[in-house]
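Report on the structure
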Amino acid sequence: MTIRIEICTIEHVCELQEISYETFNETFKGQNSPENMKAYLEKAFNREQLETELSVADSQFLFIYVNHKVAGYMKVNINDAQSEKMGLESFEIERVYIKKEFQKHGLGKVLLHKAIEMATEQHKTNIWLGVWEKNENAIAFYEKMGFVQTGAHAFYMGDEEQIDFIMTKTIL
């Protein structure tokens, strides 16, 4: 199995949109109403929104490939691009999604290690992310990777307010 990580650029917006819809649906469809899923997907992953996010200097999307096929992606933010004011010493992992067919192969771990490497290169001292309180598998994974819950914030899925746990890991 050949694994490679590449930066996603504006030229990849269609592929990014496709994988965003697919992985978000796979992850959350069973736990949310069809109306709220549709509203969220159309708002968060429409082409214009993704183009805007791709143009933010302090944000970066990365694709992870397995044998030359896109298997997942990650979005990271620093400085004012972070979705919460966590300070200049912080590095945010905003999204990590792996296609269902590629899960349980260590790709999430590869992406987290890449994020930690990027944060270290940028002299950040902590890395953080938000994870839905009902996503028990993801929470367990992040805990295994050394993250601890340090807070929570509201997240809207369509018209439903949900809670994301904020999980943080100190890096040196």
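The paragraphs below set out a description of the structure included in this document. As the structure is a prediction and not an experimental result, all values here were calculated from the model.

Description of the overall build of the protein chain
For the protein chain, the count of helices and strands is five helices and seven strands. Each helix and strand of the protein chain, placed in order from N terminus to C terminus, yields the pattern β-α-α-α-β-β-β-α-β-α-β-β. Against the 2.2 N^0.38 benchmark of 16 Å for 172 residues, the protein chain shows a C-alpha radius of gyration of 15 Å, consistent with a compact globule. Over its C-alpha atoms, taken along the principal directions, the protein chain stretches across nearly 45 × 35 × 30 Å. Across the 172 residues of the protein chain, 44% fall into the buried class.

Some words on the sheet that holds strand 2 (residues 59-66)
One open sheet holds the seven strands; their spatial order is 1-2-3-4-5-7-6, and the pairing between them is mixed. Edge positions in the sheet fall to strand 1 (3-8) and strand 6 (148-157), since each has one partner strand and no second. Neighbour-to-neighbour, the strand axes of the sheet open up by a mean angle of 30°, direction not taken into account. The pairing of strand 2 with strand 3 (residues 69-78) spans eight bridges and is antiparallel. Within strand 3, the position partnered with F63 by the bridge is Y73.

Some words on the environment of E160
With respect to the helices and strands, E160 occurs in strand 7 (residues 160-170). The partly exposed category is assigned to E160, whose relative accessible area is 33%. Sequence spacing of E160 and M118 is 42 residues, and the spatial spacing of their C-alpha atoms is 34 Å. In contact with E160, not counting residues within four places along its chain, are N32, N36 and F155.

Some thoughts on the nonpolar core
In this structure, I93, I127, Y142 and F147 are the most contacted members of the largest nonpolar core, which totals 30 residues. The element contributing the most residues to this core is helix 4 (residues 107-121), with seven residues. Among residues more than four places away in sequence, those in contact with Y142 are V96, L112, L129, V131, F147 and M167. Residues M37, F63, Y65 and Y97 belong to the second largest nonpolar core, which totals 21 residues.

Remarks on the pattern of salt bridges
Any two side chains of opposite charge can pair if their charged atoms end up close together. Taken as a whole, this structure holds ten salt bridges when the rule is applied. Across the pair K69 and E101 runs a salt bridge whose closest N-O atoms are separated by 3.4 Å. Note that K69 is positioned in strand 3 and E101 in the loop between strand 4 (90-98) and helix 4, a separation of 32 residues in sequence. You can call K69 partly exposed: its relative accessible area is 39%. A salt bridge links K75 to E94, with the shortest nitrogen-to-oxygen separation between them at 2.9 Å. Note that K75 is positioned in strand 3 and E94 in strand 4, a separation of 19 residues in sequence.

Thresholds, definitions, all that
Along each chain, numbering runs from 1 in the same order as the chain's sequence is written. Predicted model: local features are reported for residues with pLDDT of at least 70 only, side-chain atom pairs are reported and counted for 80 or more only, and whole-chain, interface and lining totals are derived from all residues. Side-chain metrics in this entry use all non-hydrogen atoms of the structure; hydrogen atoms and water are not considered. Helix and strand assignments come from DSSP, with helices taken as H or I runs of at least 4 residues and strands as E runs of at least 2, each series counted from the N terminus. Only C-alpha atoms enter the radius of gyration, while the globule expectation follows 2.2 Å times N to the 0.38, with N the number of residues. Throughout, exposure labels follow a simple rule: accessible area from a 1.4 Å probe, protein chains only, divided by the maximum for the residue type, with under 20% read as buried, over 50% as exposed, and the rest as partly exposed. Pairing between strands is defined by DSSP: at least two bridges between the two strands are required. Axis definition: a line fitted to C-alpha atoms, limited for helices to the stretch in contact. Angles are taken between N-to-C directions and run from 0 to 180 degrees. Note on contacts: a residue pair is in contact if any heavy atoms of the two residues lie within 4.5 Å. Here the nonpolar core consists of buried residues drawn from Ala, Val, Leu, Ile, Met, Phe, Trp, Tyr and Cys, with membership extended through side-chain atoms lying within 4.5 Å. The salt bridge criterion pairs a side-chain nitrogen of Lys or Arg with a carboxyl oxygen of Asp or Glu, the two atoms within 4 Å.

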